[in-house]
Amino acid sequence: MRLSRYFLPVLKETPAEAQIASHRLMLRAGMIKQSAAGIYSWLPLGFKVLKKIENIVHEEQQRAGHIPMLMPTLQSADLWRESGRYDDYGEEMLRITDRHGRDMLYGPTNEELITDIFRSYVGSYKDLPLTLYHIQWKFRDEIRPRFGVMRGREFYMKDGYNFDLTKEDALHAYNRHLVSYLRSYERMGLQAIPMRADGGPIGGDYTHEFLVLAETGESEVFYDSEVTDLTFGDREIDYDNVEQCQGVLEEFTSRYARTDETHEEALFNEVPEERRRTARGIEVGQIFYFGTKYSEAMNATVVNDKQERVPVHMGSHGIGVSRLLGAIIEASHDDKGIIWPEGVTPFHVGIVNLKQGDDEADAACEALYKSLTALGLDPLYDDRKERAGGKFATMDLIGLPWRITVGPRGLKNGVVELTCRKTGESEELSPELAVQKVAEIYAGI
Ligand code: ATP
Ligand code: MG
């Protein structure tokens, strides 16, 4: 993309309404624009990152054997009356009446809809196990939408639902989700720690929230510092292997790590004092096993091998896709702007032409742009007639992890400069080597 032809409405001033870094930076970098309280338009740069995150979630869910689909945002109230949640959900549910006077709602989540789909088509244990998921907009009429996309009213969420014959099978689905979530967050450059959580209205002992540690997080968390040493890395996993998935669960959840809702001081005090940590965290996902709660209420049953009709065991699993942009920025920025991890960056590399209009510099930038693009990379070329300082400030603000700077002086010596956004370190290289280096960085991503 050439910046002169792109739509990147960066702001010079820091918007007064934004209280935390991620919200400020998303507004300043021209990623989002508020359209009503807690409701945002996703401008091109923000949309690009949103799609990258969504794509990682899709890939990791499908790797785990989970099946993508799409359910609507608007739902009929009838199904929610059946489950009993139409009244329970309260004011967070946005209720709408259509022209025929029928009660509708903008879905805050999809347990009812998916259970209805399941019971309409599935009747035998032979069709199980089954895990369906979608990534769709949700609406929750939050009392205090704030912090930009972190706590919106309209937000983008992946929600998945498993249907299993037995509790053991459903717990395997739970463990598969835990593994796939760990992999997803790591690919986004994030450490999200699974913490024992509260089942809330869904109930059940089996639920973990995934928290990204950040001072601006809304949850208070308590953990054994050893949990921050754990990484999933690129190890091979067989998602059908029950013991292997269970092993990952034990490895990542056996140490003390809880949110304030489940915190137990006495248990926490058994952790050696020098490893006890209290901090704040951002919830970026949650997994649940809730047994037969919905299947019993909504009559979602299958016939087992003894010809008995039994309710299926279910779980639901959510990732806050739009909230993740805020969480990633909270975890990765400095006073100049965002620092995108390579896995989610909107463009792979920025090209800054220090002297637009200089024949040699223009030609070198064009050549770089073409070779990067030919390799399947996505560069952002700042080809505007602007001062160098302004161009650097924009690149730093929007946070591309790598920048190639091209100027007449360097070109006389046959070099351009490759700069890492995170460390600020630069090296001079021939344009060919710079391209090669950028390609190598992204080879495994
Ligand atoms: P919270 O406790 O933050 O209100 P929740 O526990 O009610 O969230 P879930 O139903 O578990 O949320 O939804 C799954 C994920 O969706 C959450 O882990 C979070 O990342 C994201 N999410 C929930 N509410 C919002 C919101 N208002 N804005 C943006 N993302 C949200
Ligand atoms: Mg939650």
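Residues numbered from 1 in each chain as written. Chains lettered and ligands numbered in written order. Predicted model: local features only at pLDDT ≥ 70, side-chain atom pairs only at ≥ 80, totals over all residues. Heavy atoms only, no water.

Note the cut-off: UniProt positions are given in the numbering used here, feature names are shortened, and annotations may be inferred rather than shown by experiment.
Looking at an unreviewed UniProt entry, the chain carries the name Proline--tRNA ligase, with the source organism given as Actibacterium lipolyticum. Taken directly from UniProt, the Subunit (unreviewed entry) text for the chain runs: "Homodimer." Reading the Sequence similarities (unreviewed entry) entry of the UniProt record for the chain gives the comment "Belongs to the class-II aminoacyl-tRNA synthetase family. ProS type 2 subfamily."

1. What about the coordination of the magnesium ion (ligand 2)?
The reference angle at a metal is 109.5 degrees if four donors form a tetrahedron and 90 or 180 degrees if six donors form an octahedron. Keep this limit in mind: Think of the donor list as every N, O and S atom within 2.8 Å of the metal, or within 3.2 Å for Na, K and Ca; water never makes the list, so a site can look incomplete. Remark: exposure states derive from per-residue accessible area (1.4 Å probe, protein chains only) relative to the maximum for the residue type, with buried under 20%, exposed over 50%, and partly exposed in between.
Here the magnesium ion (ligand 2) is held by the protein donor atoms Glu283 (OE) and Gln286 (OE1), which lie 2.0 to 2.3 Å from it. Given the relative accessible area of 25%, Glu283 is considered partly exposed.

2. So, the packing of aromatic side chains
Operational definition: Only Phe, Tyr and Trp rings take part, Trp by its six-membered ring, and two of them pair if their centres are within 6.5 Å. Stacked means planes under 30 degrees apart, edge-to-face means over 60, and tilted covers everything else. Only DSSP runs of H or I covering at least 4 residues are called helices, and only runs of E covering at least 2 are called strands; the numbering of each starts at the N terminus. The rule for a charge over a ring is simple: NZ of Lys or CZ of Arg within 6 Å of the ring centre, and within 35 degrees of the ring normal.
All chains considered together, the criterion is met by 15 aromatic pairs. Ring centres 6.2 Å apart and planes at 45 degrees place the aromatic pair Tyr369 and Tyr381 in the tilted group. With a gap of 12 residues between them, Tyr369 in helix 11 (residues 359-374) and Tyr381 in strand 20 (residues 379-382) connect regions that are remote in the sequence. Here Tyr369 and Tyr381 have matching classes, each one buried. Each member of the aromatic cluster is reached from another via a ring pair, and the members are Trp42, Trp137 and Tyr156. Lys48 extends its terminal NZ or CZ atom over the ring of Phe347, reaching a point 3.8 Å from the ring centre.

3. A word on the pairing of strand 11 (residues 219-224)
The condition that has to hold: In this description, strands pair whenever DSSP reports at least two bridges between them.
Counting buried positions along strand 11 yields 5 of 6 residues, so the element is predominantly enclosed. Looking at chain direction, strand 11 and strand 13 (residues 276-291) are connected through 6 bridges and run antiparallel. Across the sheet, the residue bridging to Glu220 is Arg280, located in strand 13.

4. Some points on the pattern of salt bridges
Applied cut-off: One side-chain nitrogen of Lys or Arg within 4 Å of one carboxyl oxygen of Asp or Glu is enough to make a salt bridge.
Within the structure shown, the criterion is met by 30 salt bridges. Through salt bridges that share partners, Glu59, Glu60, Arg63, Arg183 and Arg187 make up one connected network.

5. Here's the deal with the packing of helix 1 (residues 21-28) against helix 10 (residues 321-331)
Counted only if it meets this: Convention adopted: a line fitted to C-alpha atoms gives each axis, helices being fitted over their contacting stretch, and angles between N-to-C directions are expressed from 0 to 180 degrees. The scheme is simple: roughly parallel for angles under 35 degrees, roughly antiparallel for over 145, roughly perpendicular for 65 to 115, oblique for anything else. By definition in these notes, contact holds between two residues if any of their heavy atoms fall within 4.5 Å. For this classification, the nonpolar set comprises Ala, Val, Leu, Ile, Met, Phe, Trp, Tyr, Cys and Pro, the charged set comprises Asp, Glu, Lys and Arg, and every other residue, Gly included, is treated as polar.
Orientation of helix 1 relative to helix 10, taken along the N-to-C sense of each, is 105 degrees, at an axis distance of 8 Å. Classified by the angle their axes make, helix 1 and helix 10 are roughly perpendicular. Here helix 1 contributes Ala21, Ser22, Leu25 and Met26 to the contact with helix 10, which in turn contributes Leu325, Gly326, Ile329 and Glu330. Each residue belonging to the contact of helix 1 with helix 10 can be placed in one class, and the counts come to 5 nonpolar, 2 polar and 1 charged.

6. A few points about the sheet that holds strand 19 (residues 349-353)
Strand order across the open sheet formed by 5 strands is 20-19-21-22-23, with mixed pairing between neighbours. Looking at the sheet topology across the chains shown, the edges are occupied by strand 20 and strand 23 (426-429). For this sheet the average axis-to-axis angle between neighbouring strands, irrespective of direction, equals 20 degrees. The pairing of strand 19 with strand 21 (residues 402-406) spans 4 bridges and is classified as parallel. Across the sheet, residue Val352 finds its bridge partner in strand 21, namely Thr405. The strands touched by helix 11 are strand 19, strand 20, strand 21 and strand 22 (416-420); relative to strand 19, the strand with the most contacts, the crossing angle is about 170 degrees.

7. Description of the packing of helix 2 (residues 44-63) against helix 6 (residues 167-187)
For any two helices packed against each other, the geometry is given by the interaxial angle and the distance between the axes. Using the following cut-off: By the definition used in this description, the sense in which the near helix is turned from the far one sets the handedness, with an anticlockwise turn below a right angle giving left-handed and a clockwise turn giving right-handed.
Closest axis-to-axis distance for the helix 2/helix 6 pair is 9 Å, and the angle between their directions is 150 degrees. For the element pair helix 2 / helix 6, the angle class is roughly antiparallel. Taken as a pair, helix 2 and helix 6 cross one another with a handedness that is right-handed. Every residue of helix 6 that contacts helix 2 at Ile56, Glu59, Glu60, Gln61 and Arg63 is listed here: His177, Ser180, Tyr181, Arg183, Ser184 and Arg187.

8. Comments concerning the nonpolar core
As a reminder, the rule being used: Think of a nonpolar core as a cluster: buried Ala, Val, Leu, Ile, Met, Phe, Trp, Tyr and Cys residues, connected wherever their side-chain atoms sit within 4.5 Å. Here the limits of each domain have been adopted from an automatic or database domain assignment.
The biggest cluster of nonpolar side chains holds 69 residues, and the ones touching the most others in it are Met31, Ile53, Tyr185, Met188, Phe210 and Val284. Among the elements that take part in this core, helix 6 stands out by supplying 8 residues, more than any other. Each of two domains, domain 1 (3-337) and domain 2 (347-443), supplies a minimum of three residues to this core. Ignoring anything within four residues of it in the chain, the contact list for Tyr185 reads Leu190, Ala192, Phe210, Val284, Gly285, Ile319 and Leu324. Within the second largest apolar cluster, 24 residues are counted, among which are Leu79, Met93, Ile114 and Tyr294.

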